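Geometric and topological summary
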Amino acid sequence: MKPTTSPVKARAHTNIALVKYWGKKNEQLIIPQNSSLSLTLDQFYTDTAVQFRDELAADQITFNGQLLTDDGQRKISRFLNVVRDLAGISMHASVDTVNHVPTAAGLASSASGFAALAGAASRAAGLALSSRDLSRLARRGSGSATRSIFGGFAAWNMGHDDNSSYGYPIEETVDWDIAVVAVVLNKTAKKISSRQGMRAAVATSPFYGAWVQTATRDFDTVRQAIADKDFETLGHVSEENAMRMHALNLSADPSFTYFNADTLHAITLIHELRDAGYPCYCTIDAGPNIKVLCREPAVTAVVTKLQAAFGNDAVLVAHPGPGLTFITD
Ligand code: DP6
């Protein structure tokens, strides 16, 4: 197939990992140290339109209406090179990306960004990739994007090379009442990117080997909990897994953490809610913000308690969301 003569637009949603990816075996191909598992959310998504055009002298990338230069541009251009290689073309591309995150920032993610870009760029280049191949391609941009090709519960099989490291759906349509309450505690960009943070953990934490062992076990347990609709096990193991990932960072040399004082406060509030009989569990990615896993009947109690502590605008409710879609205007 030939490159398209008009832009191709794709939409992908972000995902929250229940069993985290925190470390690479291969930095260049983004092959992880352990398999991971996530829930794609309905609230936070990215729309990206791509067209390869003969007349362009360089890739032209706009993000939320602003032309990217320097590092931002380079990262996307490197990814487009992978697409160009696959399609056997050399044309530059125009890329127009819009991130849809309710209330400003704090939850934006490279997962939805690279999943949408993988979809739009591959199709615009004339490729017709399977979902698995799209997930392998998205992986080359950012590891967590591997899972955002799929909706609902999805996994990333770690594999050992480019072919064997791919995403797959576990339960695309989630037919139970899971909700995720997100609390935005800090909107500023993080000082240590996930890429740097996980590199430091692999290289210097004496507990890294134990992380790989426990995360591998957690993967099987959470997978079974999803099949059994066993929310308590799913929540309990997800929270433990997140705390262990963050413990790796504290045990790195030099030690670092993504938590701030509000993060610890929010964790305490969730523990209090649990003690009061509400099954809710928290998970935290490479930043101070908290996501609380709960079922629908507990949402009001969780939202009320978190809003009282952090303000109404800091709290957002999300539900399971869809996988990659193509959009025709
Ligand atoms: C804590 O996918 O952002 O969210 O592959 O280096 O781009 P790179 O990292 P990224 O890391 C995500 C880390 C995490 C856990 C997860 O999503 O599994």
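Residues numbered from 1 in each chain as written. Predicted model: local features only at pLDDT ≥ 70, side-chain atom pairs only at ≥ 80, totals over all residues. Heavy atoms only, no water.

By the naming in an unreviewed UniProt entry, the protein chain is diphosphomevalonate decarboxylase, taken from Secundilactobacillus collinoides. Among the UniProt annotations of the protein chain, the heading Sequence similarities (unreviewed entry) holds the following wording: "Belongs to the diphosphomevalonate decarboxylase family." (UniProt positions renumbered as here; feature names shortened; annotations may be inferred.)

Concerning the domain arrangement of the protein chain
Interfaces are often sized by the accessible area lost when the parts come together. Under the domain assignment, the protein chain is made up of domain 1 (8-175 + 322-327) and domain 2 (178-318). Centre-to-centre, using C-alpha coordinates, domain 1 lies 23 Å away from domain 2. Contacts between the two partners involve 36 residues from domain 1, matched on the other side by 43 residues from domain 2. Carbon and sulfur atoms supply 68% of the area that domain 1 and domain 2 bury against each other, a total of about 3200 Å² over both sides. (Domains from an automatic or database assignment. Contact = heavy atoms within 4.5 Å. Buried area = accessible area lost by both parts, 1.4 Å probe.)

Examining the site of the ligand
Among the 17 residues in the neighbourhood of the ligand, the closest are listed as Tyr 21, Lys 24, Ser 142, Gly 143 and Ser 144. A distance of 2.7 Å is found between an oxygen atom of the ligand and a side-chain nitrogen or oxygen belonging to Arg 195. Alone, the ligand offers 460 Å² of accessible surface; in the complex the protein occludes 94% of this. By residue number, the principal contributor to the shell around the ligand is helix 4 (residues 194-204), which donates 3 residues. When residues of the shell around the ligand are assigned to domains, at least three fall in each of domain 1 (8-175 + 322-327) and domain 2 (178-318). (Near = heavy atom within 4 Å. Polar contact = N/O pair within 3.5 Å; in protein donor to acceptor, adjacent residues only side chain to side chain. Areas by Shrake-Rupley, 256 points an atom, 1.4 Å probe, with all protein chains shown as cover. Helix = DSSP H or I, 4+ residues; strand = E, 2+ residues; numbered from the N terminus.)

Looking at the sheet that holds strand 10 (residues 178-183)
With respect to topology, 4 strands assemble into an open sheet ordered 11-12-10-13, the strand pairing being antiparallel. Every other strand in the sheet has two partners, leaving strand 11 (280-283) and strand 13 (315-318) as the edge strands with one partner each. Each strand of the sheet is rotated relative to its neighbour by a mean of 25°, with strand direction disregarded. Bridge analysis of strand 10 against strand 12 (residues 290-295) gives 6 bridges, and the strand direction is antiparallel. Within strand 12, the residue paired with Val 180 across the bridge is Leu 293. Against the sheet, helix 7 (residues 261-275) makes contact with strand 11 and strand 12, and its axis sits at roughly 160° relative to strand 11, the strand it touches most. Sheet strands in contact with helix 8 (residues 299-310) are strand 10, strand 11, strand 12 and strand 13, and its direction is about 0° off that of strand 10. (Pairing = 2+ DSSP bridges. Axes fitted to C-alpha atoms, helices over the stretch in contact; angles between N-to-C directions.)

Points about the pattern of salt bridges
Oppositely charged side chains can form a pair if their charged atoms are brought close together. According to the stated counting rule, one finds 14 salt bridges in the structure shown. Between Arg 274 and Glu 239 there is a salt bridge, with its nearest N and O atoms 2.7 Å apart. Here the residue Arg 274 occupies a position in helix 7, and Glu 239 occupies one in helix 6 (residues 231-250), the gap between them amounting to 35 residues. With a relative accessible area of 25%, Arg 274 lands in the partly exposed category. When its relative accessible area of 8% is taken as the criterion, Glu 239 is described as buried. (Salt bridge = Lys/Arg side-chain N within 4 Å of Asp/Glu carboxyl O. Buried < 20%, exposed > 50% of the residue type's maximum accessible area, 1.4 Å probe, protein only.)

A look at the packing of helix 5 (residues 208-228) against helix 6
Two elements in contact, helix 5 and helix 6, have axes whose closest approach is 9 Å; the angle formed by their N-to-C orientations is 160°. For the element pair helix 5 / helix 6, the angle class is roughly antiparallel. In this structure, the crossing between helix 5 and helix 6 has a hand that is left-handed. Counting all contacts with helix 5, which are made through Tyr 208, Trp 211, Thr 214, Ala 215, Asp 218, Thr 221, Val 222, Ala 225 and Ile 226, the residues of helix 6 involved are Thr 233, Leu 234, Val 237, Ser 238, Asn 241, Arg 244, Met 245 and Leu 248. (Parallel < 35°, antiparallel > 145°, perpendicular 65-115°, else oblique. Left-handed = near helix turned anticlockwise from the far one by under 90°.)

Let's talk about the pairing of strand 5 (residues 60-63)
With 4 bridges joining them, strand 5 and strand 7 (residues 92-100) adopt parallel strand pairing. Residue pairing across strands places Ile 61 opposite Val 95, the latter belonging to strand 7. With 2 bridges connecting them, strand 5 and strand 6 (residues 66-67) associate as antiparallel partners. Residue pairing in the sheet places Phe 63 in a bridge with Gln 66 of strand 6. Following strand 5, the chain reverses through 2 residues before pairing antiparallel with strand 6; Asn 64 in that reversal takes a positive phi of roughly 50°.

Things to note about the nonpolar core
If you look at the biggest cluster of nonpolar residues, it comprises 43 residues, and the most contacted ones within it are Trp 22, Leu 39, Phe 153, Val 222 and Leu 234. Top element by residues in this core is helix 5. It accounts for 7 residues. When residues of this core are assigned to domains, at least three fall in each of domain 1 (8-175 + 322-327) and domain 2 (178-318). Ignoring anything within four residues of it in the chain, the contact list for Phe 153 reads Leu 18, Ser 38, Leu 39, Pro 169, Ile 170, Glu 171, Val 174, Trp 176, Ile 178, Ile 226 and Leu 234. Residues Val 50, Leu 80, Ala 145 and Ala 154 belong to the second largest nonpolar core, which totals 33 residues. (Core = buried A, V, L, I, M, F, W, Y, C linked by side-chain atoms within 4.5 Å.)

Here's the deal with the side chain of His 13
If you trace the backbone, His 13 turns up in strand 1 (residues 8-19). According to the relative accessible area criterion, His 13 is buried, its value standing at 6%. If sequence neighbours within four positions are ignored, His 13 has contacts with Thr 40, Leu 41, Asp 42, Gln 43, Phe 44, Tyr 45, Ser 112, Ser 148 and Pro 322.

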